[in-house]
Amino acid sequence: MTSPSIDRDHAVQLMREMTRIRRFEEKCAELYSAGKIRGFLHLYVGEEAIATGVMRALEADDAVVATYREHGHALARGINANALMAEMYGRVEGVSHGRGGSMHVFDAATRFYGGNAIVGGGLPLAVGLALADKMQGRNRVTACFFGEGAIAEGAFHESMNLAAVWQLPVLFCCENNLYAMGTALARSESETDLVLKAAAFDVAAWPVDGMDVLAVEQHARRAVDVVRAGSGPVFLELRTYRFRAHSMYDPDRYRGREEIEHWRERDPLVTFPASMPDFLDQATLDGIERDVAAEIEAAIAFAEAGSLEAAADLERFVTMDRVPS
Amino acid sequence: MTAGGTRQLQYRVAMREAMREALLADERVFLMGEDVGAYGGCFAVSLGLFEEFGPERIRDTPLSELAFVGAGIGAALGGMRPIVEIMTVNFSLLALDQILNNAATLSHMSGGQFAIPLVIRIPTGGGRQLAAQHSHSLEGWYAHIPGLRVLAPATVEDARGMLAPALADPNPVLIFEHVLLYNVEEEVPLEPATVDIASAAIRRGGRDVSLITYGGSLPLVLEAAAELATAGIDAEVIDLRVLRPLDERTVLESVTRTHRAVVVDEGWRSGSLSAEISARIMERAFFDLDAPVQRICSVEVPVPYAQQLEEAARPRASEVVRVARALVEGRPVDG
Ligand SMILES: Cc1ncc(C[n+]2csc(CCOP(=O)(O)OP(=O)(O)O)c2C)c(N)n1
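Residues numbered from 1 in each chain as written. Chains lettered and ligands numbered in written order. Predicted model: local features only at pLDDT ≥ 70, side-chain atom pairs only at ≥ 80, totals over all residues.

Remarks on the overall build of chain B
Applied cut-off: A run of DSSP states H or I qualifies as a helix once it reaches four residues; a run of E qualifies as a strand once it reaches two. Both are numbered from the N-terminal end. The size measure is the radius of gyration over C-alpha atoms, and the globule rule it meets is 2.2 Å times the number of residues to the 0.38 power. Field definition: a residue is buried when 20 or more other C-beta atoms are found within 10 Å of its C-beta, exposed when 12 or fewer are, and partly exposed for counts in between, with C-beta atoms placed from the backbone. Placing C-beta atoms from the backbone, we regard two residues as in contact once those atoms come within 7 Å.
Along chain B, the regular secondary structure elements total 14 helices and 14 strands. Computed over the C-alpha atoms, the radius of gyration of chain B is 20 Å, within 12% of the 20 Å expected from 2.2 N^0.38 for a compact globule of 335 residues. The 335 residues of chain B split such that 56% are buried. Looking at chain B alone, contacts between residues at least 24 apart form 78% of all its contacts between residues at least 6 apart.

Considering the overall build of chain A
If you tally the helices and strands in chain A, you get 12 helices and nine strands. The C-alpha atoms of chain A give a radius of gyration of 19 Å, which matches the 20 Å a tight globule of 325 residues would have. Here chain A, with 325 residues, has 54% of them falling under the buried criterion. A sequence separation of at least 24 residues applies to 75% of the contacts in chain A between residues at least 6 apart.

Overview of the site of the ligand
Residue and element names in this part refer to chain A. Our working rule: We call a residue near a molecule or strand if the C-beta atom, set from the backbone, is within 6 Å of it. Gly falls in the polar group here, along with every residue not listed as nonpolar (Ala, Val, Leu, Ile, Met, Phe, Trp, Tyr, Cys, Pro) or charged (Asp, Glu, Lys, Arg).
Neighbouring the ligand are 15 residues; V119, G147, G149, A150 and A180 lie closest to it. At the level of secondary structure, the elements contributing two or more residues to the shell around the ligand comprise β4 (142-147) and β6 (179-180). Its residues assigned to classes, the shell around the ligand comprises eight nonpolar, four polar and three charged.

A few points about the sheet that holds strand β8 (residues 204-209) of chain A
Residue and element names in this part refer to chain A. We apply this condition: When DSSP finds at least two bridges between two strands, those strands are taken to pair. Lines fitted to C-alpha atoms define the axes here, with helix axes fitted over just the stretch in contact, and angles between the N-to-C directions of these axes take values from 0 to 180 degrees.
Read from one edge of the open sheet, seven strands run β2-β3-β1-β4-β5-β9-β8, paired in mixed fashion. Each edge of the open sheet is held by one strand with a lone partner, namely β2 (106-107) and β8. With six bridges joining them, β8 and strand β9 (residues 234-239) adopt parallel strand pairing. Each residue of the ladder has a partner; that of A204, found in β9, is V234. In this fold helix α5 (residues 122-135) packs onto β1 (63-67), β3 (112-116), β4 and β5 (170-176), with an angle of close to 170° to the strand it touches most, β4.

Structural notes on the sheet that holds strand β5 (residues 119-124) of chain B
Residue and element names in this part refer to chain B. Strand order in the open sheet formed by seven strands is β3-β2-β4-β5-β7-β6-β12, and the pairing between neighbours is mixed. Taken across any chain shown, the strands that pair with only one partner, and hence form the sheet edges, are β3 (58-60) and β12 (242-244). The average angle at which neighbouring strand axes cross in this sheet is 20°, direction not considered. In this sheet, β3 lies alongside strand β2 (residues 29-33) in parallel orientation, the contact comprising three bridges. The residue of β3 that forms the bridge with L31 is I58. Running over the sheet, helix α3 (residues 65-77) touches β2, β4 (81-85) and β5 and is turned about 165° from β4.

Quick word on the nonpolar core
All names here are of chain B. Just so we agree on the cut-off: Note on terminology: a nonpolar core is any set of buried Ala, Val, Leu, Ile, Met, Phe, Trp, Tyr and Cys residues joined through C-beta atoms within 7 Å. Note that the domain bounds reflect an automated or database-derived domain assignment.
Counting residues in hydrophobic clusters, the biggest one holds 203 residues, and the most contacted among them are L211, V320 and A324. Inspection of this core shows a minimum of three residues originating in each of domain 1 (6-189) and domain 2 (201-328). Once residues lying within four places of it in the same chain are set aside, the contact partners of L211 are V221, A224, A225, A235, E236, V237, I238, V262, V264, V320 and A324.

A few points about the interface of chain B and chain A
In this complex, chain B contributes 35 residues to the contact, which on the side of chain A involves 37 residues. Contributions of two or more residues to the side of chain B that touches chain A are made by α3, α5 (96-103) and α6 (106-109) of chain B. Ranked by residues supplied to the side of chain B that touches chain A, first place goes to α3 of chain B with 10 residues. Residue composition of the side of chain B that touches chain A, by class: 16 nonpolar, 17 polar and two charged.

Thoughts on the confidence of the model for chain B
Definition in use: pLDDT is a per-residue confidence score from the predictor, ranging from 0 to 100.
Of the residues in chain B, 99% reach a pLDDT of 70 or more, and the chain-wide mean stands at 96. Per the prediction output, this complex has pTM 0.93; the corresponding ipTM is 0.89.

Here's the deal with the packing of α5 of chain A against helix α6 (residues 154-165) of chain A
All names here are of chain A. Note the cut-off: In what follows, roughly perpendicular refers to angles from 65 to 115 degrees, roughly parallel to angles under 35, roughly antiparallel to angles over 145, and oblique to any angle outside these ranges. Take the far helix as the reference: if the near one is turned anticlockwise from it by less than a right angle, the crossing is left-handed, and if turned clockwise, right-handed.
Packing of α5 against α6 leaves a shortest axis separation of 8 Å and a crossing angle of 15°. For the element pair α5 / α6, the angle class is roughly parallel. The element α5 and its partner α6 pack so that their crossing is left-handed. Contact residues: L123, P124, V127 and A130 in α5; A155, F156, S159, L162 and A163 in α6. In terms of residue class, the contact of α5 with α6 is built from eight nonpolar, one polar and no charged.

With respect to the packing of α6 of chain A against α3 of chain B
Any two packed helices are characterised by the angle at which their axes cross and by the distance between the axes. Direction vectors running N to C along α6 of chain A and α3 of chain B enclose 65°, while the axes themselves pass 8 Å from each other. As judged from the angle between their axes, α6 of chain A and α3 of chain B are roughly perpendicular. As α6 of chain A packs across α3 of chain B, the resulting crossing turns out to be right-handed. Contact residues: α6 of chain A offers G154, A155, E158, S159 and L162 of chain A, while α3 of chain B offers L66, A67, F68 and A71 of chain B. Across the contact of α6 of chain A with α3 of chain B, the residue classes break down as six nonpolar, two polar and one charged.

What follows is the structure in structure tokens.
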């Protein structure tokens with residue numbers, strides 16, 4: 001399955017990225033309980049291999065469109081942990097100036113277009129970004145992340161069709177974690193094979209083990225190559241599981257402990273280092289944990305020291321006086 | 001200086017010329033929507049552009065309002081200057097999510113990191129016996145939304161001139177074109193005038209009463225003003241032109257002079273743009289008023305097919321005359 005043909009550096013980078021995301025979010029959960037972070041908070045715990053693997057396949061000038069469950073994507077895309085944490089705190093130093101919070105991370109510098117909390121709402125945007133690239137002759141890819149729940153939305157079907165009929169460079173990354181809030185896939189879809197659904201649009205599509213970070217990276221590279229070659233969009237079904245509840249409000253009544261335990265055995269933060277004992281020995285892992293802990297502590301300190309946007313600025317940017325370059 | 005010559009121009013053709021000019025002037029401009037290309041546009045506004053500019057820039061879309069409006073937003077984010085046409089305002093509801101949750105929101109929510117220089121053109125309004133799913137006037141709903149600019153060209157000159165500044169605006173601009181205006185022909189200067197997209201226009205000066213309207217109702221209000229003149233009543237006619245942000249000053253200055261106001265709005269009365277105008281007059285010019293502000297709106301029914309019913313549902317010039325006369329003569333409006 002996993003290709004052993006990576007070097008030590010590569011293994012460490014993957015492990016470091018997944019660890020950053022996991023620990024960052026675990027800290028977010030604590031901060032949420034402490035009342036430091038408010039609103040909705042959707043954690044990516046268990047799904048880290050996907051963002052980690054896919055982002056490595058993208059170039060700096062590619063674009064990313066994500067959902068409200070996007071902390072992992074933001075970190076893996078290179079958004080600074082300080083600015084991300086400050087956003088959680090609603091501070092003006094936050095990546096969206098504190099106006100978006102957990103669900104609405106935006107970052108022009110990394111071409112990160114949200115953070116969309118309307119299920120399916122990001123898909124048409126991704127299609128348009130790709131259309132702009134195609135019309136302007138730029139060889140860029142737009143990666144669009146969404147959950148399997150979004151497949152029931154009209155926006156999914158319209159966007160897949162549009163991207164396919166116009167042969168646009170979109171990488172559709174469906175993170176199938178089996179539940180849309182509490183609704184299991186089979187309870188909401190008549191056809192549960194998502195690859196078949198994508199194939200109905202004549203879009204190249206295949207499933208990927210989303211718990212295997214190397215598989216994700218490999219398949220994402222292959223998919224990005226196809227998209228970048230101008231052969232139209234690709235749909236990846238990344239099979240995964242969220243270990244925690246949908247959001248901090250969710251009592252998680254709809255799935256069994258056994259099922260969760262079963263998936264936890266596939267935790268990429270456990271299985272990946274176990275598959276690379278030579279590269280990821282205990283000392284290395286400890287080193288990663290130390291670095292990550294320091295980064296997160298610094299991010300919290302940054303957020304704590306952050307300032308609140310003045311209410312006098314409330315109406316700033318409702319409209320823009322120019323297009324930012 | 002221009003020679004000062006004029007020509008007859010049709011509203012539909014004016015809009016087409018404006019699009020053509022924009023397409024020629026800026027590579028980033030393109031038009032997309034349902035049947036804008038090979039078919040020539042369902043109101044024939046884009047007729048001929050497909051042949052001239054080709055299928056890349058005059059882009060026929062599938063029946064996917066949500067996706068192609070959203071794609072317009074994405075394309076604007078990606079550096080293009082899209083003009084999106086939605087066949088009629090009723091269909092825009094299928095894209096409302098993208099218009100509100102993305103187009104109107106992303107700049108503010110991202111802390112000013114992104115702008116969305118997008119134009120959406122939407123035919124609106126009734127009067128063609130197209131019944132209740134093709135005849136409504138929902139521009140007032142859109143005028144509720146911060147982050148959008150909402151335009152209602154009521155004259156051929158505005159149809160010709162509003163698109164260029166709309167495309168130059170870094171924000172999403174919605175242009176509502178009343179379907180009854182498409183065939184209107186007017187005398188316009190040979191050299192297209194530059195128009196602003198910020199202010200209301202006084203289409204007829206007057207001392208006795210302010211008739212405030214926009215879009216497809218302007219012709220009937222001008223007709224009413226002419227009739228009032230024969231009765232010795234001098235009505236001022238204000239064309240709002242811009243439904244958001246409202247040019248409150250022009251309205252208030254007029255009312256301060258005439259002391260009476262009638263708002264004519266093809267939208268439904270409850271929670272309407274006319275309610276907003278009326279409220280602002282009350283808030284800001286109450287002590288200048290000699291009579292309560294009056295409103296003439298569509299009857300609150302789904303617009304019916306049968307001609308006499310549709311006519312009964314829509315604002316009429318005769319009603320504007322009746323209400324304005326009552327105000328000026330100090331009589332109760334009802335009865
Ligand atoms: C249009 C819309 N409908 C409903 C919701 C409420 N909601 C938020 S997340 C969610 C579940 C989505 O599940 P999925 O797409 O599988 O993504 P996941 O949360 O599992 O990552 C729902 C129903 C919403 N945000 N937007």
